[in-house]
Structures are given as C-alpha cells and as structure tokens.
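# Structural features, examined
Okay, here's what each chain looks like letter by letter:
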Amino acid sequence: MTISRPDTIAARSDLHIADLATESIVIFDQDGRVRYWNPASEALYGWPSLTMIDQNIDAITKRNGEEPMHWPLLLQEGVWRGRVRRRHVSGASIIADIRQYVRFHADGSAGEVIEYGRRAPSGEESDRDDWNIPDRLMAASWEIDMSAARSLIEAHATEGSPPEALAIDIVTALRVIDVNERTARLVGGNRGRAVMIGQSVAKFWPIESRAILGELVIEAVAAGVPGHTVKRQLASDGILRDPIVTLWLGDKPDRIFVAVNGTADDDRSYLYLRASEARYRKLIHYMPTALLQVDASHMGRIYAQIKSSGVEDFGRYLDDHPELLDLANETVTVTDVNRRAVDMFGGDNALDLAGPVGFLFAANRATLKNVMVGRFNGQPSHSELTKVRTFDGRILDVQLSVTYPIPPRELDVTIFSIQDVTAQLQIEAQLRQLQADFTHAARISTLGELTTSIAHEVNQPLAAILTNAETSLRWLSKDDPDLAKVAQLTTRIVAGAQRANGIVQRIRGMATKHQPERTKLDINEVAQEALMFLRHEIETRDIRIATTFAHRLPKVTGDRIQLQQVIVNLLLNAIQAMTAAQSADCAIAIATTTDGNGGLSFSIRDSGPGIPATDIDRIFEGFFTTKEGGLGIGLGICQSIIMGHGGLIHALNHPEGGAEFRFNLPSASSN
Amino acid sequence: MSRVPAVAIVDDDEAIREALEDLMVVEGFDCQAFDGAAAFLADYDRTHFDCLITDVRMPGMSGIELLEYLRSLGSRLPVIVLTSVIDEQSRARSLALGAKAWLTKPAAENVLLGELRRAI
C-alpha cells in the first residue's frame, strides 16, 4: 500500500502534541507500515523518523513464537499490550513495553494503529528517562539517492580501503532525496529543507568528514543488506560535538539512509533554540524594515574564480561582461522575506517575492553592479540610495543596505534591507524649497535696507554718462569740433554704462529667486564681492576695512549667492552696530585662515559696542532682533546657510572690544 | 572781466569729476577737481576759486561739513551742492549755510550751468 502525500500531511497535522511526548508514539497503517514516528521514538530506538516512515515495523522487530498472532489479534480486539524486542540503530536489542490501539472510523471499519512504548525496566537499570537529553540522541537524518555514484562504488568494490579522492567523488555524486528539519537547520543555513532536495550531498556535508561518509557508503554497499547499519565516530565539526554517523541501505534500490547523532555544539537545549528561533523569526517578520534573505552562494564561487584569474577592478570587469549581471539577476534567489517586504513591493504573500532577485534591480541596474562589486571586494556591507519598482509599477526611493556573508562560511546568506524613503525625500525637498524661499526673502529684505546706497551707486555712473554726453554734444556743435576729445568722452560713456550695468547685475543676482547651486568657490573672492556690495555704505561712513586673506586656501563647495548673503549680512550688521553706537573710530577686520581640519575659517570683527551678554545665546534664533524695524531673520538665515554648507557659525565678543563672528566651512575635497 | 572764472569740483567719484571737468572746460571755465574735502582744503589757501561744486556723501568730511567749515573760516565762496542724496534736512541745512543751489544727480547740464553762471 502506498501512502499519498496529502494523507501524510493530514496524519501529521494533529500530531504536533505527540512531537513533544516523552513516550514513544508510533502510528502504523493496517499493514504495519510506519506513518508517524515521534522524536521520543527516535530517542528510544535510535532510528530517525525520516528513515522509518513507510518502513514495516517488522524490519526492526524480533518476534517470539506467539508473535504471528499479534497483528490479527490486535485488529480484532482493537488493543494489544506486551513486551517486544526491537533492533536499535546501534545494532543492540532494545526491549520495550508497548500498548497498541486501533483507531476506528465512524463506519466501524478499522483505521490506523497507534502504539505507545517505553523501554522495559531491566536489572539494576531502572526506568531511566532518556528524554532528558534528547539532543544527544536525536538524529539529523538524510534519505539519499546513490544511483549516480553506483559506478564509482563498484569500480572499487573489490579493493580494500578506497582512496580519499574516490570517497569524496562518491559523496559529490550522492543526491539528497529528503532530510529532516533538524538536518536542514544544522547544515542548510536558512534556506530550508526544500532547497536541499535534489542537491549534491557534498554541498551540505562538512568537508572534513566527506571521505568518511564515502567510505561508509562503500562499506554498506559491500555488505549489501538493507537495514544493516555501518557507523563511524566523526571529529567534532563545530556543528555537532562528537557526532556519530550511521548509514544503511534502504529497501528500494540505490536508496541510502544516514543518521547523524550528536550534541548540538551549543549549550542551549533544542527546545530553547527552537523557541529563540521562533522569537527571532517573529521579530524579523514584524520588523518595519523590508528584509530579504538571498542565496548568492554560487556567485561567491564565480567571484573566487575571477579573482584568482587576477582581476582587481571588478567594476570595469562587469562593464566588459554584462552577462554576469544577467546571470546574477536570474540565478541569485530570494529565499525568505518578511511582511514589510511583501507590503512594500505590493505582493500578496512571500511567494510573490521568492525566486530570482532580478525584480529588485529592475529600476536601477547600477545598484546591482555596486552590490556585486561590494561582495567581490570583500566588504562587510554596502548601502546606497536607489530606486525600486514595485509589482504595481510604482517607483520608490529607497535606502538599500546589503550585509554580505562572512567568508569562509559555507552557509551563504546575504541579507538585503530596504527602507522606503520616498516620503522622507519629498519632505526634504519641500523643506529645501521653503528654506530657499526664506533665504530669498531675507536677501530682498537686506536689499531693502540698502536702497539708498544702491540708488546712489547707480546714480553716480548715470550722472557721469549724462554729463559726458552733454559735453560731447557741446564739442560737436562747435565750428572746429575737437574729435579726439569727443572720442575720449564717448569712451567714458561706455565705461560708465558698463559700470552701471555691473551694479545692476550684482543687485539682480541677489534679488533673483534661484535654486542653490553648488560650485567650487574661493571664499576670498566671495568676501571681496560682498565688500563691493557695501562699498558705498563703507566709504560714506568712513569705515576702515582691514582684510587678511590667506593664500592657498582650500576651495569650498557652495552656493555663491548664499555665501555672499552671509558675508553681506555680517558686514551690514557690523556697520549698523557701529553707526548706531556712533563709534568715533569705525573699523572692520576680515580674515580668512585654514582651520586645522583641512577646511577654512572666516572671521569678521568690528569696533562697535559688542553683543549684550543677555543676547549672545539667542542671537541666531529666528525672529530675534535688537534692531528697530529689523526682521530678525538675518543671522538665523546665516546660520542655516552655513550649516547647510557643512559648517558652524559662532558669535563672540572680542576681549579687546567689538563683536566677532566666525564661521568655518569644510574644503571642497572633503565633501 | 577778462579773467576766466575758476571752478573747484569736490567729488569722491572719479568718473563724475572727469565728466564735470570736461563740461567746465568746454564751457570756457577754468577748473580743478579734488577727490575729497581734505584735498580741496589743502589747496584752499593757494588758489582762488569763483565757485565750488561739491558732493554731499563722501568719505571723511561730507559736503555739508565742508560748507560749514568754509563759513566758519569766514569764506563767502559761492557753493553749489550736487548730490544724489534726497534728504530735506541736509538740503535745508545747506541752503541755510548760504549754498547757492542744491541739485540732485543726475542734473541737467543747462540747469547746472545756469546756476553756476548765476553764482559767479
């Protein structure tokens, strides 16, 4: 009788309680074939569940004379109690007290048989509880197809101990048919059972003991008896302590079972591990960041090959071999995702995201390249701002972070975390716009304060132009016009017009609303332009300007108009402070220096009354002003502009009198 | 009166100085320009001028301060103020100090020359 798979699942679904029972619980079909074998049965008899399912219990049971009547009696009576002798996986005999019950269907027909069993007390060895150390006893079990290894095995069947290389070749040719959950958890990484099935056993079996496994296969085949076990103690491998590997042939041709027993190399018990794993999974699952677990193990091997061929600049190599990007897109697979990832991509469930990673890089192939280069170069992680396309076609701005597996682990798990920053970027853009508007308003306000000065500035060249033109006409109306003089006057008219134009351009630069644009700037030039702006204010108020501009200052990356605005504001504040105080000797000292951190420092000091002690902490606050009619946005704007350029601004009173403002900016090369 | 009238110009702006100087010359005046009150006063004792055209806002001494200083010396030199300052108080002060005219830049040459001729 064959048992269909859905049936098995149905049988299992209500049996998770039995998984935790300390008594051996076995379920048989009517022919005595094992349908369910709980962990306590594994512990009692040594045979893993995986290898017992579908087996007839008679294969490990030694019956005495009256035994043939046992099964018919059971089916007839519905219950059987007694003592049986069974073969432990180690080859020893186990005597067990068992109780068997028949489960009857609603129509009265007999269904499956349920057996409860425990070790029979013998001699001084009382009813010892083996269940307290289940981890030592429970097996990681494998069902293996050796058909591909058959020719290799037979080639050496006649010889003695096989060479190591052959044993390893045999293991490579073995294919996984099935493994139990414990095996998947111990050696399958997080990829799970399903990923192991169909693969070579060598992919998961620790390198150090592959030869031993191969030898055991040859030994078992040589013995040729299904159910006959061969075993070997292995060296601790970091996964299990003092593991014992047991191997035997199954009933079907080319079928091998392997059980590995040992203590998990972790002090925590199996149940504790399971609980912590469950907690961990829950944590990951409900994390507000999208997480994707990716298996790129085969790419790691390809990278190692490329590296050994002498390639150093992998970025350029990928430019020449775009097919490698396609290969990664198609063969690197997403093996697990959390809820947030499903939501972010607009999937219905995790299965929508499982499979090739290509969809992650559909909106930005350059990101895939960066991720691959990061792994190739052995970085622990890589992070970048990029875009992803969701299943319903939306484009999201995301911060993508990749954590690479640590070499030389064989368990190859790469974790992608994806944070949706679309809304954040929008808010930042709005904030930038608002700040630009505000900064512009502050400039207009400054220009307002300078109206008289500006009018005067423009008037001067205009007056000169008019007078020169008038004079020119007067010369031309004479009987003997002095043409050389007329030419000179006309030249002056041109010069005057250019001068007026220069002033208008400067004002327009300040008045025009523009998006800040970053260029490399010489702060000394910016300061000189700011001084031009206030030339008239400075001259008519008889203010002495002392400048100490450092040579070979590093350039800064910034917006010319904004930095000019800062310096104009600071200059204007100084001028107004000194004028308001009617200082007898008005002087402003401007200096630029390097700041010791590779950046530069700008300072402006006046000879005014200084900043009142009560105001000095509030001076950069928005809308703080001591000026009559002042808006109080000037210094606030200065601070936000300087901070926006990666610098800091301070106000202080100079020990020898007067206020001093000082700001620093990072050099263009450092940002 | 055979002597050519001499006009002094005080303005901190070079372009204005040059333009006015040439205008004076083409109109047949003798003319000397100074870049500020201090330069004018340094020459004041040695040269005779028939009229002074001065700007108001200048570094150092302003045009009005210059006028005040001249009056304090007892000078009756005719003075024309030519400025871009639009300030009623400064204008009243200048006229009270006996300035012949208060003209705002840019001033029409006819008006300037007219005031100049009247002043001399």
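Residues numbered from 1 in each chain as written. Chains lettered and ligands numbered in written order. Predicted model: local features only at pLDDT ≥ 70, side-chain atom pairs only at ≥ 80, totals over all residues. Heavy atoms only, no water.

## Some words on the overall build of chain A
Filter applied, for reference: Working definition: helices are DSSP H or I runs of at least four residues, strands are E runs of at least two. Numbering for both runs from the N terminus. Whether a residue is buried, partly exposed or exposed follows from its accessible area with a 1.4 Å probe, protein chains only, as a fraction of its type maximum: under 20%, in between, or over 50%, in that order. The criterion used for residue contact is that any of the two residues' heavy atoms lie within 4.5 Å. For the area figures, the Shrake-Rupley method with a 1.4 Å probe applies, and any residue is considered shielded solely by the protein chains shown.
Across its full length, chain A carries 24 helices and 24 strands. For chain A, with 671 residues in total, the buried portion stands at 45%. At a minimum sequence separation of 6, the contacts of chain A that also span at least 24 residues come to 62%. A total of about 33700 Å² of accessible surface is found on chain A, and carbon and sulfur atoms cover 54% of it.

## Digging into the sheet that holds strand β1 (residues 24-28) of chain A
Residues and elements named next belong to chain A. How we decide: Any two strands are treated as partners once DSSP identifies two or more bridges connecting them. Fitted lines through C-alpha atoms give the axes, limited to the stretch in contact for helices. The angle between two N-to-C directions lies from 0 to 180 degrees.
Strand order in the open sheet formed by six strands is β2-β1-β6-β5-β4-β3, with antiparallel pairing between adjacent strands. The outermost strands of the open sheet, each flanked by one partner alone, are β2 (34-37) and β3 (61-62). Direction of pairing for β3 relative to strand β4 (residues 79-87): antiparallel, over a ladder of two bridges. Residue Thr61 lies in a different strand from β4, and its bridge partner there is Arg86. Along the sheet, helix α5 (residues 70-77) makes contact with β1, β4, β5 (93-104) and β6 (110-119), crossing β5 at roughly 35 degrees.

## Description of the UniProt feature "modified residue: 4-aspartylphosphate" (unreviewed entry) in chain B
For clarity, the cut-off: UniProt positions are given in the numbering used here, feature names are shortened, and annotations may be inferred rather than shown by experiment.
This chain's UniProt record puts "modified residue: 4-aspartylphosphate" (unreviewed entry) on Asp55 of chain B. Sequence-distant contacts of Asp55 of chain B, that is, excluding residues within four places in its chain, are made with Gln460 of chain A together with Val10, Asp11, Asp12, Gly63, Leu82, Thr83 and Lys105 of chain B.

## So, the packing of helix α3 (residues 63-72) of chain B against helix α4 (residues 88-96) of chain B
All names here are of chain B. Spelled out, the test is: Roughly parallel refers to an angle under 35 degrees, roughly antiparallel to one over 145, roughly perpendicular to one between 65 and 115, and oblique to any angle outside these ranges. Whether a crossing is left-handed or right-handed is set by the direction in which the near helix is turned from the far one by less than a right angle, anticlockwise for left-handed and clockwise for right-handed. Residues are grouped as follows: Ala, Val, Leu, Ile, Met, Phe, Trp, Tyr, Cys and Pro are nonpolar; Asp, Glu, Lys and Arg are charged; all remaining types, including Gly, are polar.
Contact geometry of α3 with α4 gives a least axis separation of 10 Å together with a crossing angle of 20 degrees. Taken together, the axes of α3 and α4 lie roughly parallel to each other. Crossing geometry of α3 relative to α4 is assigned as left-handed. Packed against α3, whose contacting residues are Ile64, Leu67 and Glu68, the element α4 presents Ser90, Arg93 and Ser94 at the interface. Here the residues of the contact of α3 with α4 are counted per class, giving two nonpolar, two polar and two charged.

## Structural notes on the pattern of salt bridges
Put simply, the rule is: For salt bridges, the criterion is a side-chain nitrogen of Lys or Arg within 4 Å of an Asp or Glu carboxyl oxygen.
The full count for this structure, using the stated rule, is 33 salt bridges over all chains. Across the pair Arg103 of chain A and Glu112 of chain A runs a salt bridge whose closest N-O atoms are separated by 2.7 Å. Residue class for Arg103 of chain A comes out partly exposed when judged on its relative accessible area of 39%. Classification of Glu112 of chain A by relative accessible area gives buried; the value is 17%. Between Glu143 of chain A and Arg255 of chain A there is a salt bridge whose closest N-O contact spans 2.5 Å. Residue Glu143 of chain A is found in strand β7 (residues 139-145), and its partner Arg255 of chain A is found in strand β11 (residues 255-264); the two are separated by 112 residues along the sequence. Linked through salt bridges whose partners overlap, the residues forming this network are Glu470 and Arg474 of chain A together with Glu27 and Arg117 of chain B.

## Describing the sheet that holds strand β14 (residues 355-356) of chain A
Residue and element names in this part refer to chain A. Reading across from one edge, β14-β13-β12-β17-β16-β15 is the order of the six strands in this open sheet, with antiparallel pairing throughout. Of all the strands in the sheet, the pair left with one neighbour each is β14 and β15 (381-389). Here strand β16 (residues 395-403) pairs with strand β17 (residues 414-420) via six bridges, running antiparallel. Paired with Gln399 across the bridge in β17 is Gln419. On the sheet, helix α17 (residues 365-376) packs against β15, β16 and β17 and is oriented at approximately 160 degrees with respect to β15.

## Things to note about the interface of chain B and chain A
Where we set the bar: Values labelled buried area give the accessible surface lost by two parts on being combined, using a 1.4 Å probe and summing over both. By the criterion applied in these results, polar contacts are pairs of N or O atoms within 3.5 Å in which, for protein atoms, one can donate a hydrogen and the other can accept it, and in which residues neighboring in sequence qualify only through two side-chain atoms.
Listed by partner, the interface residues are 23 residues for chain B and 25 residues for chain A. Of all residues in chain B, Asp22, Val26 and Arg57 of chain B bury the most surface against chain A, accounting for 30% of the area lost on that side. On inspection of chain B and its partner chain A, the count reaches five salt bridges. Arg474 of chain A serves as the salt-bridge partner of Glu27 of chain B, at 2.9 Å between the closest nitrogen and oxygen. For the interface between chain B and chain A, the tally reads ten residue pairs in polar contact (both at pLDDT 80 or more).

## Considering helix α1 (residues 14-26) of chain B
All names here are of chain B. Let me state the cut-off plainly: How far a helix is expected to stretch is found by multiplying one less than its residue total by 1.5 Å.
With 13 residues, α1 extends 18 Å from end C-alpha to end C-alpha; this agrees with the ideal 18 Å at 1.5 Å per step. Listing the buried residues of α1 in full gives Ile16, Arg17, Ala19, Leu20, Asp22, Leu23, Met24 and Val26. Where α1 begins, the capping side chain belongs to Asp13, and its oxygen is found 3.0 Å from the backbone nitrogen of Ala15. Directly after α1, the chain includes Gly28, whose backbone phi takes a positive value near 85 degrees.

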